[in-house]
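A structural walkthrough
Residue strings, one per chain:
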Amino acid sequence: MSTLYRLPSEVLEETFKHLRECGRGHEECQVLWVSPWDKPEVITRVVHPKHAAHGGGFVLDDQWLNDFWMELGDTNSGIRVQVHTHPAEAFHSKTDDDYPIIHKPGFLSLVIPNFGLGPVGFDDAYLTEIQPDGRWRKVTIPSRLVVA
Amino acid sequence: MSEHDTKHQARTDPQRVRVHIDEHRYESPNPNTGAALYVLAKIHQDHQLFREVEGDREDEPIGFTGNEIRLREDEHFHSADAEHAALFTVEVLYDGVKKPFVVRPNETVKQLLDQAIKAFGPLPNPHMLSLYLAGKELPDAETLKQAGVKPNDVLLLRPSTVKGGV
């Protein structure tokens, strides 16, 4: 069961702002796209998690994750897409496969190349989706995301 | 409004009923929520509220939640603290969604974890998920009592680690 998410252009621009400012061209960075449960198909905000990062990876802060989990409950919202950068080519690594923030089928992971320093958009980006058997499968970006 | 008038209203207004909580009489909107019944009778959230049932069945735990409860006139409820509740309710939160679970103090964290994963499922790779309370990951082998889980606690179902990298 796949969803076509509507992504406001402001959310996409804010996403790249976080990825560039946080990663500064030499560290990976992650953001999360969130929407309310009563209208899940419309992404309403981008969340920039507290995390530790280096040139080849990142890990989310444990206490931040607890606080954010509670906030999602308080705001009746869910995480639809995790977005992170790679230093060069965009793909899904073994670490990316094994440690996502959400484990449900249909959850999406978007990888942006070159630390997000390229044009705002999906050029050379890589989108993958959790399947019912838990494996990730590459999907085309227009089949899951439309920028409104 | 006199006491007589209040009682009369309770009997004739189908949207209000008289209930008994810890042997005190209250008037409640009907339907109501579990959380509202706790507030009505000033029951602390560390305690567990039960709806009394007839026969050999165990009394029904009522959680401190917004879930709707349909009441009957003159129904009886009682509360108990965690030490004395054979059953109690907790909520588990995953990706912004809360679900209630009725548990026993002597069941293990792993048993509740398995129930939660099933309820929120399908969740492939369930071995990546754990239960958290008050910022700490709960050890699978401990009982809920040993882990300090109390009635109406909200536990987080979340991955132990979230990371990425090339």
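Preceding this paragraph is the structure being described.
A few points on the structure. (Residues numbered from 1 in each chain as written. Chains lettered and ligands numbered in written order. Predicted model: local features only at pLDDT ≥ 70, side-chain atom pairs only at ≥ 80, totals over all residues. Heavy atoms only, no water.)

**A look at the pattern of salt bridges**
Under the convention used in this document: In the sections that follow, a salt bridge refers to a side-chain nitrogen of Lys or Arg positioned within 4 Å of a carboxyl oxygen of Asp or Glu. Buried, partly exposed and exposed residues are distinguished by accessible area as a fraction of the type maximum, computed with a 1.4 Å probe on protein chains only: under 20%, between the cut-offs, and over 50%, respectively.
Counted by the stated rule, this structure contains 17 salt bridges over all chains. Its salt-bridge partner being Arg-24 of chain A, residue Glu-27 of chain A comes within 3.8 Å of it at the nearest N-O pair. With a shortest N-O distance of 3.3 Å, Glu-75 of chain B and Arg-72 of chain B are connected by a salt bridge. Judged by its relative accessible area of 5%, Glu-75 of chain B is buried. Here the residues in one salt-bridge network are Arg-51, Glu-60, Arg-72 and Glu-75 of chain B, joined through shared partners.

**Digging into helix 3 (residues 109–120) of chain B**
All names here are of chain B. So the rule is basically this: Numbered from the N terminus, helices here are DSSP runs of H or I no shorter than four residues, and strands are runs of E no shorter than two. Here a helix's expected span is defined as the number of its residues, less one, multiplied by 1.5 Å. By definition, the arc is the one covered by directions from the helix axis to the C-beta atoms.
A rise of 1.5 Å per residue sets the reference length of helix 3, with its 12 residues, at 16 Å; its end C-alpha atoms lie 16 Å apart and thus fit the reference within 8%. Listed in full, the buried residues belonging to helix 3 are Val-109, Leu-112, Leu-113, Ala-116, Ile-117 and Phe-120. For helix 3, the angular spread of buried residues about the axis comes to 135°, placing them on one side.

**Brief notes about the sheet that holds strand 1 (residues 16–21) of chain B**
All names here are of chain B. The line we're drawing: A pair of strands is treated as paired once DSSP finds two or more bridges between them. Axis lines are fitted through C-alpha atoms, for helices just across the contact stretch, and the angle between N-to-C directions can take any value from 0 to 180 degrees.
The 5 strands are arranged 2-1-7-4-5 in an open sheet whose pairing can be described as mixed. Among the strands making up the open sheet, the edge pair consists of strand 2 (24–29) and strand 5 (60–62). On average, each strand axis in the sheet is inclined to that of its neighbour by 35°, with strand direction left out of account.

**A word on the packing of aromatic side chains**
All names here are of chain B. Going by this rule: Any pair of Phe, Tyr and Trp rings, taking the six-membered ring for Trp, is counted once the centres come within 6.5 Å. Such a pair is stacked with planes under 30 degrees apart, edge-to-face with planes over 60 apart, and tilted for the rest.
Following the criterion strictly, the structure yields 4 aromatic pairs over all chains and no others. With centroids separated by 5.3 Å and ring planes inclined at 80°, the aromatic side chains of Tyr-38 and Phe-64 adopt a geometry described as edge-to-face. A residue pair is termed long-range when its members are at least 10 positions apart, and Tyr-38 in helix 2 (residues 34–40) and Phe-64 in the loop between strand 5 and strand 6 (68–69) qualify at 26 residues. Under the relative-accessibility criterion, Phe-64 is labelled partly exposed at 25%.

**Side note on the pairing of strand 2 (residues 30–36) of chain A**
All names here are of chain A. Within strand 2, 6 of the 7 residues are buried, leaving the element largely enclosed by the surrounding structure. In this sheet, strand 3 (residues 45–47) lies alongside strand 2 in antiparallel orientation, the contact comprising 3 bridges. Among the inter-strand pairings, Leu-32 is bridged to a residue of strand 3, identified as Val-47.

**Observations regarding the interface of chain B and chain A**
Put simply, the rule reads: Residue contacts are defined here by distance: any two heavy atoms, one from each residue, within 4.5 Å place the two residues in contact. When two components associate, each loses some accessible surface as probed by a 1.4 Å sphere; the sum of these losses over both components is called the buried area. Polar contacts here mean pairs of N or O atoms no more than 3.5 Å apart (in protein, one a potential hydrogen donor and the other a potential acceptor; neighbouring residues in sequence count only if both atoms are side-chain atoms).
Each partner contributes residues to the interface: chain B has 25 residues there, and chain A has 38 residues. Between chain B and chain A lies a buried interface of about 2700 Å² when both sides are counted; carbon and sulfur atoms form 61% of it. Inspection of the region where chain B meets chain A yields 2 salt bridges. Remark: the boundary between chain B and chain A carries 15 residue pairs in polar contact (both at pLDDT 80 or more). Those elements giving two or more residues to the side of chain B that touches chain A turn out to be strand 8 (88–94), strand 10 (129–133), strand 12 (154–159) and strand 13 (163–165) of chain B.

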